[in-house]
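Structural characterization, general
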Amino acid sequence: MLDALSSAGLIWKNPTTDLWKAGGDGAVDVEKLIDDSTSQIPKQTLAGYLRGFTKLANDLLPMLGVHTLDPSAAGIVRRYAIEAKSAADAAQVALNGIAAKAVIVLTSGHEEAQQFEQALLGKPRANIFYWISFAEPRNLDELVRRYLGITALLSQSHNDATKTRLNAKFEAVRNELKASFGRLYGREGLREKTTKVVQQGEHTPIEVTSWHGFSTRLQQIVDATYTGEVAVRAPQRDLNVLGGDSSPDSKTISEIVEKILQFRAGAEDDLLGEPETGQSACIIDGVLGANGLFIRRASGWDFKTVDELEGNIKKVISEIRSLLSRRRDRAYQLYELRRVFENAPYGIPAGALPLLIAFAIREDLERLSWTQGGSTTKNICEGMVNERVGVRCTEFTGHQVNVLEVLRYALDYVNDDKFSWSTTKQEAARQAVEQLRDFLKIVPEPVLKSSKLDKRFRDLADSFRGVAVPLHEIVDRLVLNVDPHRELGAGEPPYEAKKKASETLKEILCSYRQVEDERRFDLVKRIQSVVESLSGDTQRDQILSELSGMNAEGKSIAESLSRVPLSDSVCITLIERLSGARLNDVSDTNAGMAIGKLEATIATARTIIARLAAAPPTAIPDASGNGAGDDVLGAKDGVSAANSGPFWPSIPHFNNHTSHSSIAKTSENAEFPTITDRSCDWRITLKNTLNHLSERKDIEKDEMVSILQSFITELEAKV
């Protein structure tokens, strides 16, 4: 009877309470609704469901997420994370700045669980704990799909009776899932020994009976891991939380770091002058004060020396000094120092590290150089979050000193003036770098840009072009070019290696001179080839005359060309005049333009001469109307018709038959002075000549300018 009523939808059984209830809306088939909704959920692995549905993961595995352990004896709060991953993803887990991780390994069955456990044996020891279940999941993924299908239905609009039945179905599936996860990864699995908790790098599983018991055991393991910790009792801004959200480059930390670097003995207090109740004072006292870095002397408060420190803080400060002041071939990234001290055995939060770094290096600032611009304070704080910030001790390594010693001898070889070298090796090495810088300054820019220049020479020159490039980076490039196989070594260099490096360096340093000589020779030859045709040219004097009459530059060119064939120095002078710069400052492009300009100027002069030779001379009538055969401006002016120039062309108003009336008429129409004014002759001529030239489309701009200049010159001579 109950089955018949249930099939009719009139009653239903609550799977949670096992009680029968009236169905209300008998027309709704809840199971069909659930089946249809579940079929819409894509099939995937259990790990995929937990990763894709956060609400599902938090409901079934509420322990997932980041948790905080109790503060250590040094006041440092450390955290651990609990994650659920597939066997493949679990093999790639890393701590990433937190103290520990627990990973629920979601395997497909007993066989995959065994394979995963075996794979852990070869991994190094770390505070990563794997929860592995060797029990079969029993279609857990299908239950999860049903859970998600019902969840989707509950988000839709249904009547109260249907919602009640859906909620009952949901609770039944949810309870079944929780029981399954408890059997796989909870108390039941731990009690039945089907669940193991294995620490990475350890063969023996950890004995725990619950997640709470695991947390207690984890606290003991973590505390025992960080044996080198120092006091960080500054909860402000989560400064004492390892892997927390503190900002090592915040304004507050930067200001404290600056005060540490500027600190001088004899201070009035051990709070760096900060108000006792202020946040900065709490941080100073919780880090510097808690580690006993201050000492009261007769003159007042002072920082302790490294020798006066004790315990872990002495080891930490000494290690910081060692890492940052060590002579290296390459800069040391400050972010790497953060990794060192965040990990075991120290476990120091990144927010407190800038204070300890500033304390450690405050007396050695002159020996350090930074890869980034800005103050030491900025670099220390930013280096905790920016992997590009590096530091290097300015002292050179033994190998660098040997290479720079070779450089000293090479510079003496290529320079006429010998250098005066310092007696100490380190200082002499620094001087060698600076002298190389000065040597490279004399190399002309066009030579440095030449494709013929030795690549090794250009590489050395480029190393000095950056902004605030550390000396070590410059020396590194020198080493790569001179002694790439490090044959000179760090001790006393072998004679043969020293000789080989010296010859290589001399070859590099002298290579630019060949390029410079070839460039000069090429430019001289190009100039000489341009003016070579002038040496036997019958019009040479006319060309020089035309050039002289063009302008000041043309006159200068004419003076230089008057001594054909040209000497090398004259050719260089021509290039410098035409380009407006010294040869060493003239690029190859501008040098080519200067030579082209000379070529065009000579060609223009030839064209002018040819045009003048082709134009028939025309006499200029005087004011009385004298035509051809008469003096151009009258005998009293002393200028004959034979001396008239070609710029008095065959203009209609100035032919041999020009009459007084026609001149007067032209003058009147053009609004020029009357015929009785002698100036009307050249004014009318000027006007008509300009009109004539403006209509000529075959004359280029430069040629037109030269023609007009010659016209004006002749006009001045005749009028």
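Not measured: the values here are computed from a predicted model.

A word on the overall build of the protein. Across its full length, the protein holds 29 helices and 12 strands. Out of the 719 residues belonging to the protein, those deemed buried represent 46%. Pairs at least 24 residues apart make up 65% of the contacts formed inside the protein by residues separated by at least 6 positions. Working note: accessible area of the protein is about 36300 Å², and carbon and sulfur atoms make up 49% of it.

Moving on, we come to helix H21 (residues 471–482). Compared with the 16 Å implied by 1.5 Å per residue over 12 residues, the 16 Å span of H21 between its first and last C-alpha is a close match. Within H21, burial applies to His472, Ile474, Val475, Asp476, Leu478, Val479, Asn481 and Val482. Its buried side turned inward, H21 meets strand S12 (390–393), helix H17 (398–414), helix H18 (425–441), helix H20 (455–463) and helix H22 (495–531).

The strands making up a sheet are joined through hydrogen bonds of the backbone, oriented either antiparallel or parallel. Strand order across the open sheet formed by 5 strands is S3-S4-S5-S6-S7, with mixed pairing between neighbours. In this open sheet, the two edge strands, each paired with only one partner strand, are strand S3 (65–68) and strand S7 (195–199). Geometrically, the sheet is characterised by an average inter-axis angle of 20° between neighbouring strands, direction not taken into account. Here strand S5 (residues 100–106) pairs with strand S6 (residues 128–133) via 5 bridges, running parallel. Across the sheet, the residue bridging to Ala102 is Phe129, located in S6.

Turning our eyes to something else, we now look at helix H24 (residues 552–561). Where H24 is concerned, the buried positions are Gly554, Ser556, Ile557, Ala558, Ser560 and Leu561. Buried residues along H24 sit in contact with H22, helix H23 (540–550), helix H25 (568–579) and helix H26 (588–614).

For strand S8 (residues 294–297) and strand S9 (residues 300–303), the ladder comprises 4 bridges, and the chain directions are antiparallel. Counted as the bridge partner of Arg296 is Trp301 from S9. Connecting S8 to the next strand, S9, in antiparallel fashion are 2 residues.

So, on to unusual backbone geometry. At the junction of Ala344 and Pro345, the peptide bond is cis and its omega measures out at 10° in the coordinates. The backbone of Arg138 sits at a positive phi, close to 55°, despite the residue not being glycine. Position of Arg138 among the secondary structure elements: in the loop between S6 and helix H7 (140–154). The class of Arg138 is exposed, set by a relative accessible area of 61%. In this structure, Asn139 is a non-glycine residue whose phi angle is positive, near 55°. Here Asn139 is to be found in the loop between S6 and H7. On the accessibility criterion, Asn139 (57% relative accessible area) is exposed.

The next point concerns the packing of aromatic side chains. A complete count under the given rule lists 14 aromatic pairs for this structure. With centroids separated by 5.6 Å and ring planes inclined at 80°, the aromatic side chains of Trp131 and Phe214 adopt a geometry described as edge-to-face. Taken as a pair, Trp131 in strand S6 and Phe214 in helix H10 (residues 211–225) lie far apart in primary sequence, 83 residues in all. For the pair Phe263 and Phe294, a centre-to-centre distance of 6.3 Å together with 75° between the ring planes defines the contact as edge-to-face. A residue pair is termed long-range when its members are at least 10 positions apart, and Phe263 in the loop between helix H11 (251–262) and helix H12 (279–289) and Phe294 in strand S8 qualify at 31 residues. Judged by its relative accessible area of 13%, Phe263 is buried. The buried category is assigned to Phe294, whose relative accessible area is 9%. What links up through ring pairs into an aromatic cluster is the set Phe129, Trp131, Trp211 and Phe214.

Another aspect to go through is the confidence of the model for the protein. Taken over all residues, the pLDDT of the protein has a mean of 81, while the share at 70 or more is 83%. Looking at the elements of the protein, mean pLDDT is at its lowest for helix H27 (residues 660–669), recorded as 36, and at its highest for S6, recorded as 96. Under a pLDDT of 50 for its full length, residues 618–680 has, in the predicted model, 92 contacts with residues more than four places off or in other chains.

Right, let's talk about the nonpolar core for a bit. With 99 residues, the main nonpolar core has Ile104, Trp131, Leu288 and Leu356 as its most contacted residues. It is helix H15 (residues 353–361) that contributes the most residues to this core, 8 residues altogether. The next biggest cluster of nonpolar side chains, apart from the first, holds 36 residues, and it includes Val443, Phe457, Phe464 and Leu509.

What the 3 strands build is an open sheet, ordered S10-S12-S11; its pairing is antiparallel. For this open sheet the edge positions go to strand S10 (332–333) and strand S11 (368–370), each flanked by a neighbour on one side alone. In terms of strand pairing, S10 meets S12 through 2 bridges, oriented antiparallel. What sits directly across from Tyr332, in S12, is Val391.

Moving on, we get to the side chain of Ser133. Along the chain, Ser133 falls in strand S6. With relative accessibility at 1%, the residue Ser133 sits in the buried group. Separated by 3.3 Å, the side chain of Ser133 and the backbone nitrogen of Ala135 make a polar contact. Among the polar contacts listed, one links the side chain of Ser133 to the backbone oxygen of Leu184, at a separation of 3.3 Å. Excluding its chain neighbours within four sequence positions, the residues that come into contact with Ser133 are Thr107, Ala113, Leu184, Tyr185, Thr194 and Thr195.

Thresholds applied
- Here the residue numbering is sequential within each chain, running from 1 through the sequence in written order.
- Residue-level local features of this predicted model are given only where pLDDT is at least 70; pairs of side-chain atoms are given and counted only at 80 or more, and the full residue set underlies all totals for whole chains, interfaces and linings.
- Side-chain measures were taken over the full set of non-hydrogen atoms in the model, leaving aside hydrogen atoms and water.
- The way it works is that DSSP assigns letters per residue, a run of H or I at least four long becomes a helix, a run of E at least two long becomes a strand, and they are numbered from the N terminus.
- For every residue, the accessible area obtained with a 1.4 Å probe (protein chains only) is divided by the maximum for its type, and the residue is called buried under 20%, exposed over 50%, and partly exposed between those limits.
- By definition, residues are in contact when any of their heavy atoms lie within 4.5 Å.
- Accessibility throughout is a Shrake-Rupley quantity obtained with a 1.4 Å probe, and a residue counts as covered only by protein chains that appear here.
- Every helix has an expected span of 1.5 Å times one less than the residues it contains.
- The criterion for strand pairing is that DSSP finds at least two bridges linking the strands in question.
- An axis is simply a line fitted to the C-alpha atoms; with a helix, the fit covers only the stretch in contact. Between two such axes, the angle follows the N-to-C directions and lies from 0 to 180 degrees.
- In this scheme Phe, Tyr and Trp rings, the latter by its six-membered ring, pair at centre separations within 6.5 Å, and the angle between planes marks the pair as stacked below 30 degrees, edge-to-face above 60, and tilted otherwise.
- For every residue, the predictor states its confidence as a pLDDT score lying anywhere from 0 to 100.
- Remark: nonpolar core denotes a set of buried residues (Ala, Val, Leu, Ile, Met, Phe, Trp, Tyr, Cys) joined through side-chain atoms within 4.5 Å.
- Here a polar contact is taken to be a pair of N or O atoms separated by no more than 3.5 Å, where protein atoms must pair a possible hydrogen donor with a possible acceptor and residues adjacent in sequence count only if both atoms sit in side chains.

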